[in-house]
Amino acid sequence: MSFDMIIQLEDLTRHYEMGGVQIKALDGVDIEINRGEYLSIVGPSGSGKTTLFNLVGGLDRPTRGKVYIDGVDISQLDAYELAWLRCRKIGYIFQTFNLIPVLTALENVSLPTVFAGVPRDEGLEKAQKLLTSVGLGERVHHRPGELSAGQQQRVAIARAMANDPAIILADEPTGNLDLNTGMEIIDLLHGLNRTRGMTLIAATHDLKMITASDRVVWMRDGAIEKIERG
Amino acid sequence: MAEHGSPGRVSFGLGDALRLGYDYIKKRRDRALINISSIALGIAFLSTLLFTDSFYRAFIAAGGAHLSIESYQYWLMFVALIVSVVGITNAVLIAVYERYREIGTLKCIGAMDRHILLLFLVESLIQGGIGGILGFFLGIIGALISTGGTTGFDIILKVPATEILILFLGSTFLSIFLSVIATIYPARHAAKLNPVEALRYEL
Ligand SMILES: Nc1ncnc2c1ncn2[C@@H]1O[C@H](COP(=O)(O)OP(=O)(O)O)[C@@H](O)[C@H]1O
Ligand SMILES: [Mg+2]
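Residues numbered from 1 in each chain as written. Chains lettered and ligands numbered in written order. Predicted model: local features only at pLDDT ≥ 70, side-chain atom pairs only at ≥ 80, totals over all residues. Heavy atoms only, no water.

Topic: the overall build of chain A
Looking only at helices and strands, one finds 6 helices and 10 strands in chain A. Over its C-alpha trace chain A gives a radius of gyration of 17 Å, about what one expects of a compact globule, namely 17 Å for 230 residues. In chain A, once contacts between residues fewer than 6 apart in sequence are set aside, the share between residues at least 24 apart is 70%. For chain A, the accessible area works out to roughly 9600 Å², and carbon and sulfur atoms hold 49% of it. (Helix = DSSP H or I, 4+ residues; strand = E, 2+ residues; numbered from the N terminus. Rg over C-alpha atoms; globule rule 2.2 N^0.38 Å. Contact = heavy atoms within 4.5 Å. Areas by Shrake-Rupley, 256 points an atom, 1.4 Å probe, with all protein chains shown as cover.)

If you want it as structure tokens, here you go:
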């Protein structure tokens, strides 16, 4: 296995059974993703992007095939190791932001550090720094409901960065944003990918969002249609 | 900074759960108030009866006429406590549905099943504690209102302080216990949620 490879997917497959009908949400995906790479995943709604993210992120188990992260087959991890993977190695960003509404921006961003066992003061300090770095240094005590959609997504990005993950999985991060705000979010993610060397995997169905990526994976009906260099 | 290679342990202790649980209660006051009132009313019923009994005994000891509680009143109390428990279970189940996405999100940032369970139980513990204390004092007022006319309102001064303390601790612990019992089923349901389904859930 190459030294630079951080994620390897082998015949990754996820089928759903719905009323006796088999849905091939993901059907035999093979790909190798390099450390520090910015990979865009493009495909129409229902093409399997979210299913792929869930499997790579250790949130779901495949029907068939393997996910290797840093050479480790994640299906072999126990509950503790899986939680650790989600907590420390992977940062998740969602279309719907998924911030905790009762917590302030600062508390939202520091929450992953709680699970990582970081002392509280240190976690809050880190959260403050991250929020400043995404341009929200003045808004740390606002709750999600008091922030615009673009600002909420920035908070979510800061939260995803809280434990310095090696991998960021962003599932349609601009799906609920207007074009300009969406571009800003993509620029922000791209900047983090370049300056911190995190591997960034972003799903989108908007072709304007893929220009900066190293590679573009085109998906259709649960399979990779083609892979292009950016 | 982060040690990516070493498989460490995620952590979420009682202190973390208390802090987060407290935030939830503070910021979702309406839901918490329903639970607190529900348990407070059940405990108030209990406390009224127990104090009525104490007052009667103090009254008799002071040479007053013989008074006693009817057994059906204890049955009513029992029913009131059951109604509280069912009410809380219902309210917490609704809270779990409201918080599906949050539970999914917490699991994405490292929460394990047991951490979600702990969070819900701690919230229930806080609510049970507050409800128990409220119910205890409501019960004193209730007992004074119902017996004061016969025994005199100063009867409470004739009840030994240790007896009051025991009643206070007993009703508070019972309240916490019942509140936690009522929460176990919905909290286990929340804890076992699959993160993918929890995140897909639309309210
Ligand atoms: N829990 C599920 N049960 C049944 N079918 C599902 C489930 N999740 C996803 N699917 C189906 O799998 C396919 C891929 O979905 P998804 O990965 O969400 O696509 P995308 O994110 O590209 O829009 C779709 O046909 C979808 O309806
Ligand atoms: Mg999707």
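That covers the picture; the talk isn't over yet.
What about the site of ligand 1?
What surrounds ligand 1 is a group of 13 residues, the closest being A:Gly46, A:Lys49, A:Thr50, A:Thr51 and B:Arg200. Bordering ligand 1 are residues originating from chains A and B. Note that an oxygen atom of ligand 1 is positioned 3.2 Å from one of the backbone N or O atoms of A:Ser47. Protein coverage of the free-state accessible area of ligand 1, which is 560 Å², stands at 76%. Of all the elements in the fold, those that place two or more residues in the shell around ligand 1 are strand 1 (5-18), strand 2 (21-34) and helix 1 (49-56) of chain A. Of the residues belonging to the shell around ligand 1, the class tally is 5 nonpolar, 6 polar and 2 charged. (Near = heavy atom within 4 Å. Polar contact = N/O pair within 3.5 Å; in protein donor to acceptor, adjacent residues only side chain to side chain. Nonpolar A, V, L, I, M, F, W, Y, C, P; charged D, E, K, R; others polar.)

Quick look at the pattern of salt bridges
This structure, assessed with the given rule, holds 24 salt bridges over all chains. Residues A:Asp70 and A:Lys89 are paired through a salt bridge, measuring 2.9 Å at the closest nitrogen-oxygen approach. Linking A:Asp70 in the loop between strand 4 (64-69) and strand 5 (72-73) with A:Lys89 in helix 2 (residues 79-89), this pair joins segments that are 19 residues apart in sequence. For A:Lys89, a relative accessible area of 12% corresponds to the buried category. Put simply, A:Asp164 and A:Lys126 hold a salt bridge, and the shortest N to O gap is 2.9 Å. Here A:Lys126 lies in helix 4 (residues 120-133) and A:Asp164 lies in the loop between helix 5 (149-161) and strand 7 (167-171), a separation of 38 residues in the sequence. Here the salt bridges share partners, and the residues they tie into one network are A:Glu107, B:Asp23, B:Lys26 and B:Lys27. (Salt bridge = Lys/Arg side-chain N within 4 Å of Asp/Glu carboxyl O. Buried < 20%, exposed > 50% of the residue type's maximum accessible area, 1.4 Å probe, protein only.)

Concerning the sheet that holds strand 3 (residues 38-42) of chain A
Residues and elements named next belong to chain A. If you trace the 6 strands from one edge of the open sheet to the other, you get 6-7-8-3-9-10, paired in mixed fashion. Since the sheet does not close on itself, it has two edges, and those belong to strand 6 (90-93) and strand 10 (223-229), each with one partner. Neighbouring strand axes in the sheet, compared pairwise and without regard to direction, differ in orientation by 15° on average. Bridging between strand 7 and strand 8 (residues 199-204) involves 5 bridges; their strand directions are parallel. Of the residues in strand 8, the one forming a bridge with Ile 167 is Thr 199. Running over the sheet, helix 2 touches strand 6 and strand 7 and is turned about 70° from strand 6. (Pairing = 2+ DSSP bridges. Axes fitted to C-alpha atoms, helices over the stretch in contact; angles between N-to-C directions.)

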